[in-house]
Amino acid sequence: MKNEPGIARQVIRQGGEVVVIVLVAAGLQALWGAHWLSARTFCLVVLAAAFAKTVFFFVENLQHILMATQDDMPYHRVLGLMGVNMAQITLAFALDYWCLETAEPASFSSIDAAWNQGEQLFEFFFFSVLNFSFFGFGDVTPLTIPAKLVTMMEVLLAFFTVIFLLSDFVSLKDSLRVKKPPTE
């Protein structure tokens, strides 16, 4: 386990990632509050931020699986890393949905305009968890193209994360492991 970062370093890094996710959402909300952009332009900015986060999490998931393979990391550690990563992803997309709804209040069905921000955030986190877990009860659905695109990004990232990384980790690990030549 020579290249495996320590637990404290991983906690600090992943905690820092959560702070960045929240700061990006706060920055987006501040940008919207400044009234510098039209609703459509703001939604494009949110789409760009969601795409950047999707690429980041895709690459981070690949790094985790490669690190686990190279260092022969125990499966429970991989599951822990991926669990934290999944929590970060669902939080990031929940905040993206909230930003879209802030700019275009008809972006999602079943979101009551009378709800306070805390209630809306909870509803979007619930929606994000359901998307990521593939349950999707259907009580909240995206209605606008930006909302549908961000939802698609989350579902594709969830598919990659859950199906490819977790369900077949053992065989992936064996296929990527460098074979040592037999010694005589």
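Now for a description of the structure that goes with this document.

## A short note on the overall build of the protein
1) Next: For the protein, the helix and strand inventory stands at six helices and zero strands.
2) Next: The helix and strand sequence of the protein, counted from the amino end, reads α-α-α-α-α-α.
3) Next: Within the protein, residue pairs in contact and separated by at least 24 positions form 76% of the contacts whose partners lie at least 6 positions apart.
4) Next: Accessible surface computed for the protein: about 10,100 Å², of which carbon and sulfur atoms make up 71%.

## As for unusual backbone geometry
1) Next: Although it is not a glycine, H35 adopts a positive phi angle of roughly 60°.
2) Next: One can find H35 in the loop between α1 (7–33) and α2 (39–70).
3) Next: Among the residues examined, H35 registers a relative accessible area of 64% and is labelled exposed.

## Re α1
1) Next: The end-to-end C-alpha separation of α1 is 39 Å, in line with the 39 Å expected for 27 residues at 1.5 Å each.
2) Next: Taken as a whole, α1 has its buried residues at Q10, Q14, E17, I21, A25, L28, Q29 and W32.
3) Next: Within two residues after α1, H35 carries a phi angle of roughly 60°, on the positive side.

## Digging into the side chain of Q14
1) Next: Structurally, Q14 can be placed in helix α1.
2) Next: The class for Q14 is buried, based on a relative accessible area of 9%.
3) Next: Discounting chain neighbours no more than four positions away, the residues touching Q14 are H64, L81, V84 and Q88.

## Some details on the nonpolar core
1) Next: The biggest cluster of nonpolar side chains holds 36 residues, and the ones touching the most others in it are F42, F93, Y97, L100, F108, F124 and V150.
2) Next: Those elements giving two or more residues to this core turn out to be α1, α2, α3 (75–103), α4 (117–133) and α5 (145–166).
3) Next: If you tally residues by element for this core, the top one is α3, at 13 residues.
4) Next: What F93 contacts, discounting residues up to four positions off in sequence, is A50, T54, S128, V150, M153, E154 and L157.

## Focus on the packing of aromatic side chains
1) Next: Per the counting criterion, the structure on display carries nine aromatic pairs.
2) Next: Relative to F57, the ring of F56 lies with its centre 5.3 Å away and its plane at 70°, an arrangement referred to as edge-to-face.
3) Next: The exposure class of F56 is partly exposed, given its relative accessible area of 36%.
4) Next: With relative accessibility at 1%, the residue F57 sits in the buried group.
5) Next: Taking 4.3 Å as the distance between ring centres and 40° as the angle between the ring planes, the aromatic pair formed by F58 and F160 counts as tilted. Taken together, the residues F58 in helix α2 and F160 in helix α5 connect sequence positions 102 residues apart.

## Section: the packing of α1 against α2
1) Next: Close contact between α1 and α2 brings their axes to 10 Å; oriented N to C, the two are set at 170°. In terms of orientation, α1 and α2 fall into the roughly antiparallel class. Contact residues: Q10, R13, Q14, E17, I21, L28, L31 and W32 in α1; A39, F42, V45, V46, A49, F56, F57, E60, Q63, H64 and M67 in α2.
2) Next: Class assignment of the residues belonging to the contact of α1 with α2 gives a composition of 12 nonpolar, four polar and three charged.

## A word on the state of the cysteines
1) Next: Considering all chains together, one arrives at zero disulfides under this definition.
2) Next: Counting only cysteine sulfurs, C99 is the nearest neighbor of C43, a cysteine outside any disulfide, at a range of 9.5 Å.

## Considerations on the pattern of salt bridges
1) Next: The tally for this structure, following the rule as stated, stands at four salt bridges.
2) Next: Note that E104 is salt-bridged to R40, the shortest N-O span being 3.8 Å. With a gap of 64 residues between them, E104 in the loop between α3 and α4 and R40 in helix α2 connect regions that are remote in the sequence.
3) Next: On the accessibility criterion, E104 (14% relative accessible area) is buried.
4) Next: Exposure remark for R40: the relative accessible area of 48% places this residue in the partly exposed category.

Calculation rules
Residues numbered from 1 in each chain as written. Predicted model: local features only at pLDDT ≥ 70, side-chain atom pairs only at ≥ 80, totals over all residues. Heavy atoms only, no water. Helix = DSSP H or I, 4+ residues; strand = E, 2+ residues; numbered from the N terminus. Contact = heavy atoms within 4.5 Å. Areas by Shrake-Rupley, 256 points an atom, 1.4 Å probe, with all protein chains shown as cover. Buried < 20%, exposed > 50% of the residue type's maximum accessible area, 1.4 Å probe, protein only. Expected span 1.5 Å × (residues − 1). Core = buried A, V, L, I, M, F, W, Y, C linked by side-chain atoms within 4.5 Å. Phe/Tyr/Trp six-rings, centres within 6.5 Å; stacked < 30°, edge-to-face > 60°. Axes fitted to C-alpha atoms, helices over the stretch in contact; angles between N-to-C directions. Parallel < 35°, antiparallel > 145°, perpendicular 65-115°, else oblique. Nonpolar A, V, L, I, M, F, W, Y, C, P; charged D, E, K, R; others polar. Disulfide = S-S within 2.5 Å. Salt bridge = Lys/Arg side-chain N within 4 Å of Asp/Glu carboxyl O.

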